[in-house]
Amino acid sequence: MAKIIAIANQKGGVGKTTTAVNLAACIASFGKKVLLVDIDPQGNATSGIGVDKNTTEKSIYNVLIDEESINNNIIKTKYENLFLLPSNIQLAGAEIELVMVISREYKLKNALDEVKEEFDYIFIDCPPSLGLLTLNALTAADTVLVPIQCEYYALEGLGQLMNTIGLVKKHLNKALEVEGVLLTMFDARTNLSIQVVEEVKKYFKDKVYRTIIPRNVRLSEAPSHGKPIIVYDSKSKGAEVYMELAKEVLGID
Ligand code: ADP
Ligand code: MG
């Protein structure tokens, strides 16, 4: 039975997709069967794992809106143990199309229920908003992983995110828990980064992962090659830290 982890933060550019792709790939490299679900219309997780989002006929849109079977829309990636439910630009319309659908918040949950038994982990890469697509992810998930960029206004908007998680727990998914908070794009040379780490730890305490993701150029290059960091440059700092995070998530030290 898979553990389902949504990677969410309504801010863009905080490292959601980078974390979804690389954590999924690292955990798959430990022999776990992993499904990466791209529920962002931008489709960055899809292209980041080497699938062409402009030509793929398989898509999460078909599942959420056209009621196609999820099994018909899952792709086996080039990487062992790693599968993808891709997104494409059609999904941009889904946020509005879903408004009229019955049990609109449960579409993804109902689909994932069909394949949950087949995987060990399912990661959902959320869009940068708290709309119906993110609500579908939070309703389907067991836990939510929140990446926070070590930048100005890092904590801004987090109250709203926690509030949304609270509302989902109350009305849609009682069992939802915060998996952990991940500090990303850390730059040890700046006081700002160090301050953000302190602030976030004060606020989230033991929910903050020991692993902190530094800024690493190789991590920003890998997506344009359609490769996770452990394939693109296995010796990079980026590969090292995402492997560490994978171990933390798996509970092996
Ligand atoms: P989100 O999905 O939250 O919008 P992304 O994961 O797409 O954020 O990251 C935003 C940008 O920052 C992307 O260009 C990505 O390649 C880059 N990036 C993410 N994490 C790092 C990192 N640790 N070091 C350097 N660049 C990063
Ligand atoms: Mg993204």
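- The protein chain goes by Sporulation initiation inhibitor protein Soj in an unreviewed UniProt entry, where it is assigned to Fervidicola ferrireducens.
- The record held by UniProt for the protein chain lists under Subunit (unreviewed entry) the comment "Dimerizes in the presence of ATP but not ADP; ATP-binding is required for double-stranded (ds)DNA-binding. Interacts with DnaA."

### Quick word on the overall build of the protein chain
Inference 1: In terms of regular secondary structure, the protein chain is built from 11 helices and seven strands.
Inference 2: Taking 2.2 N^0.38 as the reference for a compact globule, 253 residues should give roughly 18 Å; the C-alpha atoms of the protein chain span a radius of gyration of 17 Å, in line with that estimate.
Inference 3: Counting only C-alpha atoms, the protein chain reaches 50 × 40 × 30 Å along its principal axes.
Inference 4: Going through the 253 residues of the protein chain one by one, you find that 47% of them count as buried.
Inference 5: Here the analysis covers contacts within the protein chain between residues at least 6 apart in sequence; of these, 77% occur between residues at least 24 apart.

### Focus: the site of ligand 1
Inference 1: Contacts to ligand 1 come from 17 residues, most closely from Lys16, Thr17, Thr18, Leu219 and Ser220.
Inference 2: Going through the elements one at a time, α1 (16-29) and α9 (217-221) are the ones with two or more residues in the shell around ligand 1.
Inference 3: Here the residues of the shell around ligand 1 sort into six nonpolar, nine polar and two charged.

### Observations concerning unusual backbone geometry
Inference 1: We note that Ser103 has phi near 45°; this positive angle belongs to a residue other than glycine.
Inference 2: With respect to the helices and strands, Ser103 occurs in the loop between α4 (94-97) and α5 (107-115).
Inference 3: Despite not being glycine, Lys205 shows a phi value in the positive range, around 50°.
Inference 4: Its location among the elements puts Lys205 in the loop between α8 (191-204) and α9.

### Focus: α1
Inference 1: Taking 1.5 Å of rise per residue, 14 residues should cover 20 Å, and α1 covers 20 Å from first to last C-alpha, within 8% of that figure.
Inference 2: When you tally the buried positions in α1, you get 13 out of 14 residues, the bulk of the element.
Inference 3: One or two steps after α1, the chain reaches Gly31, where phi turns positive at roughly 90°.

### Brief notes about the pairing of strand β1 (residues 3-7)
Inference 1: With four of its five residues buried, β1 lies for the most part within the structure.
Inference 2: Bridge analysis of β1 against strand β5 (residues 121-125) gives five bridges, and the strand direction is parallel. Pairing of Ile4 across the sheet is with Ile122, part of β5.
Inference 3: Across three bridges, β1 lies against strand β6 (residues 143-149) in parallel orientation. From the neighbouring strand, Ile7 faces β6, where its bridge partner is Leu145.

### Regarding the packing of α1 against helix α11 (residues 237-250)
Inference 1: The N-to-C vectors of α1 and α11 enclose an angle of 70°; their axes lie 9 Å apart at closest approach. With respect to their mutual orientation, α1 and α11 come out roughly perpendicular. Remark: the crossing between α1 and α11 carries right-handed chirality. Taking contact as the criterion, the partners of Asn22, Leu23, Cys26 and Ile27 in α1 are, on α11, Tyr242, Met243, Leu245, Ala246, Val249 and Leu250.
Inference 2: A breakdown of the residues in the contact of α1 with α11 according to their chemical character gives nine nonpolar, one polar and no charged.

### As for the sheet that holds β5
Inference 1: Taken in spatial order, the seven strands of this open sheet run β3-β4-β2-β5-β1-β6-β7, and their pairing is mixed. The open sheet is flanked by β3 (75-76) and β7 (177-184), the only strands paired with a single partner.
Inference 2: Two elements, β3 and strand β4 (residues 82-85), share two bridges in a ladder whose sense is antiparallel. Bridge assignment links Ile75 to a residue of β4, and that residue is Leu84.
Inference 3: Contacting β1, β5 and β6, helix α6 (residues 132-140) runs over the sheet at an angle of about 150° to β1.

### What to know about the environment of Lys247
Inference 1: For Lys247, the location among the structural elements is in helix α11.
Inference 2: A sequence separation of 36 residues divides Lys247 from Thr211, and the C-alpha atoms of the two residues are 9.7 Å apart.
Inference 3: What Lys247 contacts, discounting residues up to four positions off in sequence, is Ile252 and Asp253.

### A short note on the nonpolar core
Inference 1: Counting residues in hydrophobic clusters, the biggest one holds 80 residues, and the most contacted among them are Ala24, Val34, Leu36, Phe123, Ile124 and Ala137.
Inference 2: The element that contributes the greatest number of residues to this core is α1, accounting for eight residues.
Inference 3: Excluding its chain neighbours within four sequence positions, the residues that come into contact with Ile124 are Ile4, Ala6, Ile7, Val37, Ile39, Ala137, Ala140 and Ala141.

Analysis parameters
Note that residues are indexed from 1 along each chain, following the sequence as it is written. Chain letters and ligand numbers both follow the written order, the letters beginning at A and the numbers at 1. Only residues with pLDDT of 70 or above have their local features reported here, since the model is predicted, and side-chain atom pairs are shown and tallied only from 80 upward, although totals for entire chains, interfaces and linings are computed over all residues. UniProt positions are given in the numbering used here, feature names are shortened, and annotations may be inferred rather than shown by experiment. Labels follow the DSSP assignment, with helices taken as runs of H or I lasting at least four residues and strands as runs of E lasting at least two, numbered in each case from the N terminus. The globule rule is 2.2 Å times the number of residues to the power 0.38, and the radius of gyration it is compared with is taken over C-alpha atoms. With C-beta atoms placed from the backbone, a residue is buried if 20 or more other C-beta atoms are within 10 Å of its own, exposed if 12 or fewer are, and partly exposed between those counts. Each residue is represented by a C-beta atom placed from its backbone, and any two residues with such atoms within 7 Å are regarded as in contact. Only the C-beta atom matters for nearness: placed from the backbone, it must lie within 6 Å of the molecule or strand for the residue to count as near. All residues other than Ala, Val, Leu, Ile, Met, Phe, Trp, Tyr, Cys, Pro, Asp, Glu, Lys and Arg, Gly among them, are scored as polar; the first ten of these are nonpolar and the last four charged. Every helix has an expected span of 1.5 Å times one less than the residues it contains. A pair of strands is considered paired only if DSSP assigns at least 2 bridges between the two. All axes here are fitted lines through C-alpha atoms, helices being fitted over the stretch that makes contact, and every angle between N-to-C directions spans 0 to 180 degrees. An angle counts as roughly parallel when it lies under 35 degrees, as roughly antiparallel when it exceeds 145, as roughly perpendicular when it falls between 65 and 115, and as oblique in every other case. Put simply, a crossing is left-handed when the front helix is turned counterclockwise from the back one by less than a right angle, and right-handed when it is turned clockwise. Put simply, a nonpolar core is a cluster of buried Ala, Val, Leu, Ile, Met, Phe, Trp, Tyr and Cys residues tied together by C-beta atoms within 7 Å.

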